[in-house]
Amino acid sequence: MISLKRNSKGELVEATGYRSRNIYDPMQTGKFRLSRSKFSDFLQCRRCFYLDRVCGLTSPGLPSWSLNQATDDLLKREFDQNRMTKTPHRMFEKFGLTNVIPYQHQDMDKWRDATHHGLEFDYPGSNLTLTGGIDDLWFDQNTEEVIVVDYKSQANNIPVQAEAYLETWHHQGYKTQLDFYAYLLHNMGYQVAPYGYFYVCNADKSATGFHGKLLFEEVLVPYKWNIDWISSHIDLLLDVLKADVLPESNPSCENCAYAYQRNRLEIK
Ligand code: SF4
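Model, not experiment: these values are computed from the prediction.

Would you mind going over the overall build of the protein with me for this structure?
For the protein, the helix and strand inventory stands at 9 helices and 8 strands. Taken over the C-alpha atoms alone, the protein extends approximately 65 × 55 × 40 Å along its principal axes. Scored against the burial criterion, the 268 residues of the protein give a buried share of 23%. Within the protein, residue pairs in contact and separated by at least 24 positions form 67% of the contacts whose partners lie at least 6 positions apart.

Structure below.
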């Protein structure tokens, strides 16, 4: 994909490939914020993570997924109405969630702001602050546990089946996402319900035409999160941040293969 750099006015500007902020310095004493998405980057390729967080390289920008963002925003608005009235959402009864309501907390808006805040946990023995911007939290009034929730939008001809949904390879990262949020909440001192949920909105592509609207099938997919593996990976991540050598790249990465082949052709 061709990605051209523009300033806030939409004018083309020189792409340097570098940025100056959020770069890890092994000597720094202040906090270094590390988001859930950067943790996921680390899991996929330590080399790219290092080039980004330590060397300050900027990866090409991605287009924003505005339709997905629209479903997220509308769901948020809908859940906030139930949050205000302390009432269950229309989907809860259908999926057997009794005595559950959207969670009320003064920091909800901060926790949902992935860019500036999110959930925050200072990782012990380090200057790392782990962060994660959640979509939503619900509250089980019976157990007094907080339920981790992530909204997902897609357009798939196959109806969403709760069991099969998380088995596909491209949804493996979703599990990491919920694990990480549960990890942050747990370490922030909250009682977290053992099952989180993906609120999946699947656009119906079998309709006779567009007619100015998309219809969605809505399914709650439960997921039993697991946080046991995360601390050991944060320790590995810290080792990588502090290292002075480039880690190995991921041999399955098409971007690196492209860059390698392009360099080869340009050097000829
Ligand atoms: S393999 Fe190369 S391009 Fe791909 S993620 Fe790693 S460093 Fe980045």
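Having seen the structure, we can now continue with the description.
Sorry, what's going on with helix 2 (residues 46-53) here?
Turn by turn, an α-helix covers 3.6 residues, leaving residues three or four places apart pointing in a common direction. Within the sequence span of helix 2, burial applies to R46, F49, Y50, D52 and R53. For helix 2, the angular spread of the buried residues around the axis is 165°, confining them to a single face. Residues of helix 2 that are buried sit in contact with helix 1 (36-44) and helix 8 (230-242).

What is the right way to read the pairing of strand 3 (residues 119-122) from this model?
Relative to strand 4 (residues 128-132), strand 3 runs antiparallel, the two being bridged by 4 bridges. From the neighbouring strand, D122 faces strand 4, where its bridge partner is T129. Between strand 3 and the antiparallel strand that follows it, strand 4, lie 5 residues; G125 among them carries a positive phi value of about 75°.

For this particular structure, what's the right way to read the sheet that holds strand 3?
Think of a sheet as strands paired side by side through backbone hydrogen bonds, with each pair either parallel or antiparallel. Pairing within the open sheet is mixed, and its 3 strands lie in the order 1-4-3. Strands at the two margins of the open sheet, each flanked by one partner only, are strand 1 (32-35) and strand 3. With direction set aside, neighbouring strand axes in the sheet form an average angle of 25°. The sheet contact formed by strand 1 and strand 4 spans 4 bridges and is parallel. Residue pairing in the sheet places F32 in a bridge with L128 of strand 4. With respect to the sheet, helix 7 (residues 172-187) is in contact with strand 3 and strand 4, its orientation differing from that of strand 3 by roughly 65°.

I keep staring at the site of the ligand and nothing clicks. Help me out?
Looking at the ligand, the residues that line it are C45, R47, C48, S249, N250, C253, N255 and C256. Taken together, the elements giving at least two residues each to the shell around the ligand come down to helix 2 and helix 9 (254-267). Partitioning the shell around the ligand into residue classes produces 4 nonpolar, 3 polar and 1 charged.

Explain the sheet that holds strand 6 (residues 145-154) here, please?
Pairing is mixed in the open sheet, where 5 strands are placed in the order 2-5-6-7-8. The strands lining the two open edges of the sheet, one partner per strand, are strand 2 (100-102) and strand 8 (216-224). Going across the sheet, the axis of each strand differs from the next one's by a mean of 30°, ignoring polarity. Judged from the 9 bridges that link them, strand 7 (residues 195-203) and strand 8 form a sheet pairing that is antiparallel. If you follow N202 over to strand 8, its bridge partner there is E217. Packing against the sheet, helix 3 (residues 66-85) makes contact with strand 2, strand 5 (136-140), strand 6 and strand 7, and its axis sits at approximately 145° to strand 6. Seen against the sheet, helix 7 touches strand 6, strand 7 and strand 8 and runs at an angle of roughly 155° to strand 6.

Explain the nonpolar core to me, please; I cannot follow it from the model alone.
The tendency in soluble globular proteins is for nonpolar side chains to be buried as a group. Grouped together as the largest cluster of nonpolar side chains are 41 residues, with contacts concentrated most on L137, V146, I147, V148, Y181, A182 and L185. Elements with a minimum of two residues in this core: helix 1, helix 2, strand 5, strand 6, helix 7, strand 7, strand 8 and helix 8. No other element matches the 7 residues that helix 7 contributes to this core. In contact with L185, other than residues within four places in its own chain, are L119, V146, V148, Y190 and V192.

Definitions and cut-offs
- Residues numbered from 1 in each chain as written.
- Predicted model: local features only at pLDDT ≥ 70, side-chain atom pairs only at ≥ 80, totals over all residues.
- Helix = DSSP H or I, 4+ residues; strand = E, 2+ residues; numbered from the N terminus.
- Buried ≥ 20, exposed ≤ 12 C-beta atoms within 10 Å, placed from the backbone.
- Contact = placed C-beta atoms within 7 Å.
- Arc of directions from axis to C-beta.
- Pairing = 2+ DSSP bridges.
- Axes fitted to C-alpha atoms, helices over the stretch in contact; angles between N-to-C directions.
- Near = placed C-beta within 6 Å.
- Nonpolar A, V, L, I, M, F, W, Y, C, P; charged D, E, K, R; others polar.
- Core = buried A, V, L, I, M, F, W, Y, C linked by C-beta atoms within 7 Å.

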